[in-house]
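Survey of secondary and tertiary structure
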Amino acid sequence: MNDKFPDSNQIFRVPTFSELVNTDFQGTMNAICWHRNLTGDFKEIVSKLQLKENITEVSTDDLSALQLSQEGNKAREIILNDLKLLTDFGASPSLNLLKNYERDEEFDFISTDVYSYHVDRSPIGTDTFLCTYHGTASDILPNSQAEQKVLIPEIREKLKELHGGPEAEFEDFLKDCFFDLHYQPKHGAKPVNLGSGHLWRLAVDHPAQQALPCVHRAPVENDGEYRLLLIC
């Protein structure tokens, strides 16, 4: 039976992929979780993949070519099935072996990298799907516990200085540079960690969306540990 996580109106838990993709976001509910307890050795897969860059996309051919134990093979079959489910649904999933994302160090008063709480935006009706198979997992925040960084007075003033143009063009500047996508946790905010093995669907900012976009961030990686992440 579908049920919400305890004490959360933001997250809805479902038992099947079909319900994951067919349940509508509504009200404050903007994160849907296909809750799973996966079996298999995902760490073995990570240990046998080759990191070529800080973020290396792993193809199905790369995955299929690995020589794995029985537990490693169980994990591989789960990943291949997730990729097929999402592809058949019409999404474009990517499996990434990840050391770390690039940090935004251009400005000292605002961060716009994925380690900053942010929302995704799309001009068309779409959603963000993600699943962490190994390594640290992402966090999400209820929208009521997050404040848009561009509305924080001291940040807004510095952004106006950076813009240096007509006031009428300032809001477009914020959007064009993606500053408006980033959020600061409010005092006492309680992030929810998405955990390992669960396949998540997060609401995106687009014109047809009936719910607020989901505020989320990438986690800081553990030293010496790669993440294995499906995302689209």
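Cut-offs and rules
Residues numbered from 1 in each chain as written. Predicted model: local features only at pLDDT ≥ 70, side-chain atom pairs only at ≥ 80, totals over all residues. Heavy atoms only, no water. Helix = DSSP H or I, 4+ residues; strand = E, 2+ residues; numbered from the N terminus. Buried < 20%, exposed > 50% of the residue type's maximum accessible area, 1.4 Å probe, protein only. Areas by Shrake-Rupley, 256 points an atom, 1.4 Å probe, with all protein chains shown as cover. Polar contact = N/O pair within 3.5 Å; in protein donor to acceptor, adjacent residues only side chain to side chain. Contact = heavy atoms within 4.5 Å. 1 Å grid on protein atoms, 1.4 Å probe; cavity = no way out; pocket = protein on both sides within 12 Å on 5 of 7 lines; lining within 4 Å. Points joined across faces, edges and corners; volume = space filled by probe spheres on them. Nonpolar A, V, L, I, M, F, W, Y, C, P; charged D, E, K, R; others polar. Salt bridge = Lys/Arg side-chain N within 4 Å of Asp/Glu carboxyl O. Arc of directions from axis to C-beta. Core = buried A, V, L, I, M, F, W, Y, C linked by side-chain atoms within 4.5 Å. Pairing = 2+ DSSP bridges.

1. Topic: the overall build of the protein chain
Scanning the protein chain from N- to C-terminus turns up six helices and 13 strands. The principal-axis extents of the C-alpha atoms in the protein chain amount to approximately 60 × 40 × 35 Å. With 232 residues in all, the protein chain has 47% of them scored as buried. Carbon and sulfur atoms form 48% of the exposed surface of the protein chain, whose accessible area is close to 12,400 Å².

2. Some words on the side chain of Thr 132
Tracing the sequence through the fold places Thr 132 in strand 6 (residues 127-134). Of the polar contacts made by the side chain of Thr 132, one reaches the side chain of Arg 227; its length is 3.3 Å. Setting aside chain neighbours within four positions, we find Thr 132 in contact with Ala 137, Gly 195, Ser 196, Gly 197, Arg 227, Leu 228 and Leu 229.

3. Topic: the environment of Ala 137
By the element assignment, Ala 137 lies in the loop between strand 6 and strand 7 (139-141). Measuring from C-alpha to C-alpha, the distance between Ala 137 and Gly 197 comes to 9.5 Å, with 60 residues separating the pair along the chain. In this structure Ala 137 touches Thr 132, Asn 193, Leu 194, Gly 195, Pro 219 and Arg 227, once residues within four positions along its chain are discounted.

4. A few points about the layout of surface pockets
Within this model, the largest pocket holds a volume of roughly 280 Å³. Lining the largest pocket are 14 residues, and of these His 118, Asp 120, Thr 128, His 216 and Ile 231 sit closest to its centre. Examining the composition of the lining of the largest pocket, we find that three residues originate from one element, strand 13 (residues 227-231), more than from any other. Residue composition of the lining of the largest pocket, grouped by class: seven nonpolar, four polar and three charged.

5. Thoughts on unusual backbone geometry
Across residues other than glycine, the phi torsion is negative in most instances, and most of the peptide bonds are trans. In this model, Phe 178 sits at a positive phi of 65 degrees, which is unusual for a non-glycine residue. Relative to the helices and strands, Phe 178 is located in the loop between helix 6 (170-176) and strand 9 (183-185).

6. Structural notes on the pattern of salt bridges
Any two side chains of opposite charge can pair, on the condition that their charged atoms come close. Tallied over the entire structure, the rule returns ten salt bridges. Between Glu 44 and Lys 48 there is a salt bridge, with the nearest N and O atoms lying 3.5 Å from each other. Of the two residues, Glu 44 and Lys 48 are both situated in helix 2 (residues 42-48); the distance of four residues between them amounts to about one turn of the helix. The class of Lys 48 is partly exposed, set by a relative accessible area of 37%.

7. Here we look at helix 5 (residues 153-163)
Three or more residues of helix 5 are buried, namely Ile 155, Arg 156, Leu 159 and His 163. The buried residues of helix 5 occupy an angular sector of 100 degrees when projected down its axis, which confines them to one face. Summarising the geometry of helix 5, the exposed residues directed more than 90 degrees from the buried face are Pro 153, Glu 154 and Glu 161. Positive backbone phi, at 65 degrees, marks Gly 164, one or two positions downstream of helix 5.

8. What about the nonpolar core?
In terms of nonpolar packing, the biggest core is built from 33 residues, with Leu 20, Ile 45, Ile 79, Leu 95, Tyr 133, Leu 228 and Leu 230 touching the most fellow members. Sorting elements by how many residues they give to this core places helix 4 (residues 70-89) first, with five residues. Ile 11, Ala 31, Leu 130 and Ala 218 belong to the second largest nonpolar core, which has 14 residues in total.

9. Brief notes about the sheet that holds strand 12 (residues 215-217)
An order of 10-7-12 is seen for the three strands of this open sheet, with the pairing classed as antiparallel. Of all the strands in the sheet, the pair left with one neighbour each is strand 10 (192-193) and strand 12. Here strand 7 runs beside strand 10; their pairing, made up of two bridges, is antiparallel. By the bridge assignment for strand 10, Ile 140 is matched with Val 192.

10. Quick look at the side chain of Asn 96
In this structure, Asn 96 sits in strand 5 (residues 94-98). Within the structure, Asn 96 has its side chain in polar contact with the side chain of Ser 94 (distance 3.0 Å). Discounting chain neighbours no more than four positions away, the residues touching Asn 96 are Ile 55, Thr 56, Glu 57, Arg 227, Leu 228, Leu 229 and Ile 231.

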